[in-house]
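Here is how the chains run, residue by residue.
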Amino acid sequence: MRRPSGEQQAADPGQRGARLPLRKSLFARLLAVSALVAACSVAATAWLAVQTTSGAIRQEQGQNLTADARIYHSLLGYAAAHPTWDGVGKTVRELAEQSGRRIALTTERRAPLADSADPESAAALPAQASAIVDPLSVDTALAAETAGASGAPADRVDPRAVGPFRLPASERAALQKTADRKVSCLSSTGIASDVVRSESGRPRIQVVGNDPDRVQGTRCATDELDSPTATERKALKALNQLADACLKRQGRAGVDLKLDLSWGQPTEPRPAVSVPTELPMASPSPAPTYAPTDAPSPAPDPSTAAGNGEADRAIASCVGTARREQLGSYVASPALLFIGDTGGTTVPGFDLSPANTAKIAGAAALVLALTVGASVLVGARLVRPLRALTGAAQRMRDGEDSIPVLVAADTEIGRLAATFNDMSAHRARLEAQRKAMVSDVAHELRTPLSNIRGWLEAAQDGVADPDPAFIASLHEEAVQLQHIIDDLQDLAQADAGALRLHAEPVRIEELLGQVAAAHQARAETSGVALTVLPVAPDHPVPGLTADPVRLRQAIGNLVSNAVRHTPSGGSVTLRPYGSESGDAVLVDVTDTGSGIPPEDLAHVFDRFWRGEKSRSRRTGGSGLGLAIVRKLTEAHDGTVTAVSVPGQGSVFTLRLPADRGGAYGDGPPEPEPGRTDDLPPGGVPGHVAPAHDRDGSGQP
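Residues numbered from 1 in each chain as written. Predicted model: local features only at pLDDT ≥ 70, side-chain atom pairs only at ≥ 80, totals over all residues. Heavy atoms only, no water.

Some points on the overall build of the protein chain
Here is step 1 of the chain: A tally of helices and strands in the protein chain yields 15 helices and 13 strands.
Here is step 2 of the chain: Within the span of the protein chain, comprising 700 residues, buried residues form 38% of the whole.
Here is step 3 of the chain: In the protein chain, 71% of the contacts between residues at least 6 apart in sequence involve partners at least 24 apart. (Helix = DSSP H or I, 4+ residues; strand = E, 2+ residues; numbered from the N terminus. Buried < 20%, exposed > 50% of the residue type's maximum accessible area, 1.4 Å probe, protein only. Contact = heavy atoms within 4.5 Å.)

Pasting the structure below:
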């Protein structure tokens, strides 16, 4: 493990327990994200609600305005054609039935004229009327809804209010006859035209197409239709007198009004087929732009009309006043129009008033407050176990005993805490094993060193003679010390992945025979029968490639261990065989010894573990032998297992991967030229390192 630098180590104690900056805190970031999401959600919802509501209201208001304009236009036409409101009830009920709305008419003093609702059950009329129905003062907004592209009349007099200009039947028939004759004449010249009747009953010829001046070059003159009738001359004379009276009161000269209500010198005769044009009267005062006959009005000659002069504005004002005065007795008086829903409600509206704004702001603030509060609670519950984990990790780093972190629930944080607790417990076990190993190593090294020192001091003091027996004792202790150091080196290399293997084809029966021969003398001394069973025909041994030296060392440790723990008269048996699938070579080392208790069976391959805790050299070795067996077997990609019955014996099984071809070994391995690790310590051929006992010892 890489150690932190001294500067980092010096800084760590000061940082322990310090709170993270707010910008790095998980709690602060969770809170900020939650608040941002809530604010965006509230803003998006409010915007969407306002846009949707406003669009729906505008659509409904537009539909209602169109329907209201049609109602207004119908009642305005009734008022223009009737001097009183008598009989308007039928029209009101028909309009209400068509529109599905409540329609009521009252006088300007709110006296009822007509109401589509039942007077006894109808709701009270609102304070504000929807419109004023007055044919002499048209509502330009509502009139524009029904007038189309032509718009509302400039003098605000409904074109349907013709009054004394309305032609009697005889004059209408005569003019109609003349118009039909002119249409027939135009048709014979290839000009399509129609007869259009105005509100006063006067017909006019409308040429189909965009060039009405084509009539000028034909023999079908329409001058007869341009001349006023007796009725029109009488009405026009009365109108002229009213206008002159108005001008006289202003000190101005009178004018000569034409049928199209223009004034000045007479214009050149033109057929009544022109396109509607506005009079050049840019006066803010009402000015007539349509003749009482609804015939389009030609523009006055510039020589007789000064255009935008002060005199023209005064004339236009007097003509408009005279016209209203003349029509006053022919049209109905102004009336208040009320249009609403059948339930009495008015057209909906959306007014984002300060009160509504405050409500929206309050609702948004409440949502934000709830979101922030929930984020605080959730964040606190989320951060609390993380802080506990941080504190436990810091205590572990400082070498203190780490108290297990509380696992509150089976969540991601809970599983992290449980994993941390497992890691902490595993670390504690490793630390305990490390301390025990240091103590065991010190004990194992101290024993032979103490013996060597004692014999040397005895010889130095003259107590012991350096005879051959003395030298042999010292040599035995030195070999014991050398074995412990070699075992530790093998384990260190295996742990570091530096254990070198020299793999070659191996005949497992010959290798087992070599191991048995090496331990035969000791087995006979102990009264134990050591044998190697032949390969069974039904379980042939497949080919095996392994390091023969390391394999002899591993099997030798197992044999030495078995001989040590087998009483006199017992037996130790070596049996090679192949797996049923043929993918592995197995070796069983079976003894009839004392066996291993079940509680100790899981620890027999641990380093420095011994069933006899006194670690007496008379009952066991150093406790490294079986640990080396496991490491050597794992280095060959194999496994080692143990099965034991107390009082009956034990079976240790090595399982090694077989060659892919499954062929049996071709012959005994030949040592590589110059290789010295095929020989055991001491360089004696056929001799293997002394095997370790069941406690893992490498000592005989």
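Considerations on the state of the cysteines
Here is step 1 of the chain: One pass over the structure, following the stated rule, counts one disulfide.
Here is step 2 of the chain: Two residues, Cys-246 and Cys-318, share a disulfide whose sulfurs are 2.3 Å apart. Judged by the torsion about the S-S bond (-65°), the Cys-246/Cys-318 disulfide is left-handed. One end of the pair, Cys-246, is in helix α7 (residues 230-249); the other, Cys-318, is in helix α8 (residues 310-327), with 72 residues separating them in the sequence.
Here is step 3 of the chain: Since its relative accessible area comes to 10%, Cys-246 is described here as buried. (Disulfide = S-S within 2.5 Å.)

Focus: helix α13 (residues 548-564)
An α-helical segment advances 3.6 residues per turn. Residues three or four places apart therefore align on the same side.
Here is step 1 of the chain: Taking 1.5 Å as the rise per residue, α13 with 17 residues should run 24 Å; its terminal C-alpha atoms sit 24 Å apart, in good agreement.
Here is step 2 of the chain: Judged by how many residues are buried, α13 sits mostly within the fold: 16 of 17 residues are covered. (Expected span 1.5 Å × (residues − 1).)

Describing the side chain of Arg-202
Here is step 1 of the chain: With respect to the secondary-structure elements, Arg-202 resides in the loop between β4 (193-197) and β5 (203-207).
Here is step 2 of the chain: Within the structure, Arg-202 has its side chain in polar contact with the backbone oxygen of Ser-227 (distance 2.9 Å).
Here is step 3 of the chain: A polar contact is formed between the side chain of Arg-202 and the side chain of Glu-232, at a distance of 2.5 Å. (Polar contact = N/O pair within 3.5 Å; in protein donor to acceptor, adjacent residues only side chain to side chain.)

Brief notes about the packing of aromatic side chains
Here is step 1 of the chain: The final tally for this structure, using the stated rule, is two aromatic pairs.
Here is step 2 of the chain: Taking the centre distance of 6.2 Å and the plane angle of 80° together, the rings of Phe-605 and Phe-652 count as edge-to-face. Of this pair, Phe-605 sits in the loop between α14 (598-601) and α15 (625-635) while Phe-652 sits in strand β13 (residues 649-657), placing them 47 residues apart in sequence. The same class applies to Phe-605 and to Phe-652, which are both buried. (Phe/Tyr/Trp six-rings, centres within 6.5 Å; stacked < 30°, edge-to-face > 60°.)

Description of the environment of Arg-252
Here is step 1 of the chain: For Arg-252, the location among the structural elements is in the loop between α7 and α8.
Here is step 2 of the chain: In contact with Arg-252, not counting residues within four places along its chain, are Leu-247, Glu-310, Ala-311 and Ala-314.

Quick notes on unusual backbone geometry
Here is step 1 of the chain: The backbone phi angle of Arg-110 is positive, close to 70°, even though this residue is not glycine.
Here is step 2 of the chain: Tracing the chain through its elements places Arg-110 in the loop between β1 (102-107) and β2 (112-115).
Here is step 3 of the chain: We classify Arg-110 as partly exposed; its relative accessible area is 38%.
Here is step 4 of the chain: Positive phi, normally seen in glycine, also occurs at Asp-637, with a value near 65°.
Here is step 5 of the chain: Positionally, Asp-637 belongs in the loop between α15 and β12 (639-645).
Here is step 6 of the chain: Here Asp-637 falls in the exposed class, since its relative accessible area comes to 65%.

Some thoughts on the environment of Ser-579
Here is step 1 of the chain: Note on placement: Ser-579 falls in the loop between β10 (571-578) and β11 (584-591).
Here is step 2 of the chain: Sequence separation between Ser-579 and Leu-656 is 77 residues, and the spatial gap between their C-alpha atoms is 10.0 Å.
Here is step 3 of the chain: Excluding anything up to four places from it in sequence, Ser-579 contacts Ala-584, Leu-586 and Arg-655.

Quick look at the sheet that holds β11
Here is step 1 of the chain: Spatially, the five strands line up as an open sheet ordered β8-β10-β11-β13-β12, and their pairing is mixed. The sheet is open, and its two edges are formed by β8 (529-532) and β12, each paired on a single side. Each neighbouring strand pair of the sheet contributes to a mean axis angle of 15°, computed without reference to strand direction.
Here is step 2 of the chain: Where β8 and β10 come together, four bridges link them in parallel fashion. What sits directly across from Thr-531, in β10, is Thr-573.
Here is step 3 of the chain: Lying on the sheet, helix α12 (residues 508-526) is in contact with β8, β10 and β11; it crosses β8 at an angle near 170°.
Here is step 4 of the chain: In the packing of α13 onto the sheet, the strands contacted are β8, β10, β11 and β13, and the crossing angle to β13 comes to about 175°. (Pairing = 2+ DSSP bridges. Axes fitted to C-alpha atoms, helices over the stretch in contact; angles between N-to-C directions.)

Overview of the sheet that holds β1
Here is step 1 of the chain: The strand order across the open sheet built from four strands is β2-β1-β6-β3, with neighbouring strands paired in antiparallel fashion. The open sheet has two edge strands with one neighbour each: β2 and β3 (131-133). Ignoring which end each strand starts from, the neighbouring axes of this sheet average 25° apart.
Here is step 2 of the chain: Bridge analysis of β3 against strand β6 (residues 335-340) gives three bridges, and the strand direction is antiparallel. By the bridge assignment, Ala-131 is partnered in β6 with Leu-337.
Here is step 3 of the chain: The sheet strands contacting helix α3 (residues 88-99) are β1 and β2, and the helix crosses β1 at an angle near 150°.

Remarks on the pattern of salt bridges
Here is step 1 of the chain: Tallying each qualifying case throughout the model produces eleven salt bridges.
Here is step 2 of the chain: Across the pair Arg-453 and Glu-457 runs a salt bridge whose closest N-O atoms are separated by 2.9 Å. Residue Arg-453 and its partner Glu-457 are located together in helix α10 (residues 412-460), separated by four residues, close to a single helical turn.
Here is step 3 of the chain: Relative accessible area serves as the criterion here: at 57%, Arg-453 is assigned to the exposed category.
Here is step 4 of the chain: Exposure remark for Glu-457: the relative accessible area of 36% places this residue in the partly exposed category.
Here is step 5 of the chain: Here Arg-575 ties to Asp-588 by a salt bridge, and the two come within 3.3 Å at their closest N and O atoms. Of the two residues, Arg-575 sits in strand β10 while Asp-588 sits in strand β11, which places them 13 residues apart along the sequence. (Salt bridge = Lys/Arg side-chain N within 4 Å of Asp/Glu carboxyl O.)

Considering the packing of α13 against α15
Here is step 1 of the chain: α15 packs onto α13 with a crossing angle of 145° between their chain directions and a minimal axis gap of 9 Å. Note that α13 runs across α15; the crossing there is left-handed. Contacts between α13 and α15 pair Arg-550, Gln-553, Ala-554, Asn-557, Leu-558 and Asn-561 from the former with Gly-625, Leu-626, Ile-628, Val-629 and Leu-632 from the latter.
Here is step 2 of the chain: By residue class, the composition of the contact of α13 with α15 is six nonpolar, four polar and one charged. (Left-handed = near helix turned anticlockwise from the far one by under 90°. Nonpolar A, V, L, I, M, F, W, Y, C, P; charged D, E, K, R; others polar.)

Looking at the packing of α12 against α13
Here is step 1 of the chain: Taken N-terminus to C-terminus, the directions of α12 and α13 make an angle of 30°; their axes are 10 Å apart at the nearest point. Judged by the sense of rotation from one axis to the other, the crossing of α12 with α13 is right-handed. Along its contact with α12, which presents Ile-508, Leu-511, Leu-512, Gln-514, Val-515, His-519, Arg-522, Ala-523 and Ser-526, the element α13 presents Pro-548, Leu-551, Arg-552, Ile-555, Gly-556, Val-559, Ser-560, Val-563 and Arg-564.
Here is step 2 of the chain: Looking at side-chain class alone, the contact of α12 with α13 contains ten nonpolar, five polar and three charged residues.

Concerning the nonpolar core
Here is step 1 of the chain: Residues Ile-508, Leu-551, Ile-555, Val-559 and Leu-654 are the most contacted members of the largest nonpolar core, which totals 38 residues.
Here is step 2 of the chain: Looking at this core, the elements with two or more residues in it are α12, β9 (544-546), α13, β10, β11, α15, β12 and β13.
Here is step 3 of the chain: Looking at this core element by element, the count peaks at seven residues for α13.
Here is step 4 of the chain: Ignoring sequence-local partners within four residues, the contact set of Ile-555 consists of Leu-511, Leu-512, Val-515, Val-587 and Leu-654.
Here is step 5 of the chain: By size, the runner-up hydrophobic cluster in this structure holds 24 residues, among which are Ala-69, Leu-75, Ala-79 and Ala-332. (Core = buried A, V, L, I, M, F, W, Y, C linked by side-chain atoms within 4.5 Å.)

Examining α7
Here is step 1 of the chain: For α7, with 20 residues, the first-to-last C-alpha span of 29 Å sits near the 28 Å given by 1.5 Å per residue.
Here is step 2 of the chain: Here α7 has its buried residues at Glu-232, Ala-235, Leu-236, Leu-239, Asn-240, Ala-243, Cys-246 and Leu-247. When α7 is viewed along its axis, its buried side chains cluster within an angular range of 140° and face the same direction. Opposite the buried face of α7, at more than 90 degrees from it, the exposed residues are Lys-234, Lys-237, Gln-241, Lys-248 and Arg-249.
Here is step 3 of the chain: In this fold, the buried residues of α7 make contact with α8. (Arc of directions from axis to C-beta.)

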